[in-house]
Amino acid sequence: MALRAVIFGASGGIGAAVAARLAEDSGVERLYLGSRAPLPQTDARLVPFAFDLTDEASIAAAAAGVDRPVDLVFVGTGMLHRAGGPAPEKAYRALDGAAMAELFAINTIGPALIAKHFLPLLPRDRRAVFAALSARVGSIADNRLGGWHSYRASKAALNMLLVTLAIELRRTHPLAIVAGLHPGTVDTGLSAPFQRGVAPEKLFSPEVSAGYLLDVISNLSPAESGGIFAWDGAPVPY
Ligand SMILES: NC(=O)c1ccc[n+]([C@@H]2O[C@H](COP(=O)([O-])OP(=O)(O)OC[C@H]3O[C@@H](n4cnc5c(N)ncnc54)[C@H](OP(=O)(O)O)[C@@H]3O)[C@@H](O)[C@H]2O)c1
């Protein structure tokens, strides 16, 4: 069956690799590639669009511009640090309201607004997936190291939203799946300053992580909607 997929964050390390994998899949009839600065495409199946997570109107416009129904929405955006802006906190003394608000705007509120505008585009009569990149460090149960307060909290809040969305969507779209995904530690700009101490075999290239994530997405069942899953398919505790 010909599938339509929408990627948010197609300029990102993991988002670009997921997009490249899907572009190679002849079963994908149309692939919408969203980024802040739209990426020029030569293949007619690949349709670039511009959006900003902090601008709901741009997300609504993106939804209005895609053919429906949409079989896969992949939210590959996110932030851990920004040059001259937020950096992961080592201690509560470093907490800063503006930096926290920025992390929540990107990691929590933006994906929620994408869900608001794109969940209605999923088919009601067949399998479809809304997947957002979360992070294992957003797990409350798994938090043994502390630190990174704002990033952890913004991802924990994202996870709660995904669970809540899954419960609501089940009523109208019984075959749809809402999932959070932990991609592993992936060699991108986001993780670059924090890779020291990561064993080489545990640092995935974006291409390897993308392959794992698409396998996880393919294997999820509607009964698993609302879960957070790691790159190997194992559930991440909340
Ligand atoms: N890399 C890892 O080891 C790792 C581990 C666990 C979880 N994750 C999660 O995986 C996701 C992707 O990470 P990555 O490593 O691929 O990071 P990345 O290469 O830095 O990509 C981040 C993406 O988010 C987009 N973005 C940021 N702010 C935006 C905004 N205001 N509006 C629209 N797009 C915006 C960026 O767009 P621009 O190109 O326009 O900046 C880029 O496409 C994140 O949610 C991250 O938390 C990553």
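Scroll up a little and you will see the structure.
Cut-offs and rules
- Residues numbered from 1 in each chain as written.
- Predicted model: local features only at pLDDT ≥ 70, side-chain atom pairs only at ≥ 80, totals over all residues.
- Heavy atoms only, no water.
- Helix = DSSP H or I, 4+ residues; strand = E, 2+ residues; numbered from the N terminus.
- Buried < 20%, exposed > 50% of the residue type's maximum accessible area, 1.4 Å probe, protein only.
- Contact = heavy atoms within 4.5 Å.
- Salt bridge = Lys/Arg side-chain N within 4 Å of Asp/Glu carboxyl O.
- Pairing = 2+ DSSP bridges.
- Near = heavy atom within 4 Å.
- Polar contact = N/O pair within 3.5 Å; in protein donor to acceptor, adjacent residues only side chain to side chain.
- Nonpolar A, V, L, I, M, F, W, Y, C, P; charged D, E, K, R; others polar.
- Axes fitted to C-alpha atoms, helices over the stretch in contact; angles between N-to-C directions.
- Parallel < 35°, antiparallel > 145°, perpendicular 65-115°, else oblique.
- Left-handed = near helix turned anticlockwise from the far one by under 90°.

Asker: Please explain the environment of His-117 as it appears in this structure.
Answerer: With respect to the helices and strands, His-117 occurs in helix α3 (residues 97-118). His-117 sits in the buried class, given a relative accessible area of 17%. Among all residues touching His-117, those that are not within four sequence positions of it are Glu-56, Ile-59, Ala-60 and Ala-63.

Asker: Please clarify how the pattern of salt bridges should be interpreted in this entry.
Answerer: Oppositely charged side chains are able to pair whenever their charged atoms sit close together. All told, the structure shown has seven salt bridges when counted by the stated rule. The partner of Asp-43 in a salt bridge is Arg-45, and the shortest N-O contact between them spans 3.5 Å. With its nearest N and O atoms 2.7 Å apart, the salt bridge here joins Asp-142 to Arg-144.

Asker: Any chance you could explain the pairing of strand β2 (residues 28-35) here in plain terms?
Answerer: One face of the sheet, then the other: side chains in a regular strand alternate in exactly this way. Buried residues dominate β2, accounting for six of its eight residues. Pairing of strand β1 (residues 3-8) with β2 involves six bridges; the strand directions are parallel. Across the sheet, Phe-8 pairs through a bridge with Gly-34, a residue of β2. Direction of pairing for β2 relative to strand β3 (residues 46-50): parallel, over a ladder of five bridges. Across the sheet, residue Ser-35 finds its bridge partner in β3, namely Ala-50.

Asker: Would you mind showing me how to read the site of the ligand here?
Answerer: Neighbouring the ligand are 26 residues, the closest being Ser-11, Thr-77, Tyr-151, Lys-155 and Thr-188. A distance of 3.3 Å is found between an oxygen atom of the ligand and a backbone nitrogen or oxygen belonging to Gly-78. Within the contact set of the ligand, an oxygen atom lies 2.8 Å away from a backbone nitrogen or oxygen of Val-186. At the level of secondary structure, the elements contributing two or more residues to the shell around the ligand comprise α1 (13-24), α4 (149-172) and β7 (185-186). When grouped by side-chain class, the residues that make up the shell around the ligand number ten nonpolar, 13 polar and three charged.

Asker: What's the story with the packing of α3 against α4 in this structure? I'm lost.
Answerer: How two helices pack is summed up by the angle between their axes together with the distance between the axes. Running from amino to carboxyl end, α3 crosses α4 at an angle of 15°, the nearest separation of the two axes being 8 Å. The pairing of α3 with α4 is recorded here as roughly parallel in orientation. Seen along the crossing, α3 lies across α4 with a hand that is right-handed. Of α4, the residues touching α3 (which contributes Met-100, Leu-103, Phe-104, Asn-107, Thr-108, Pro-111, Ala-112 and Ala-115) are Ser-150, Tyr-151, Ala-153, Ser-154, Lys-155, Ala-157, Leu-158, Leu-161 and Leu-165.

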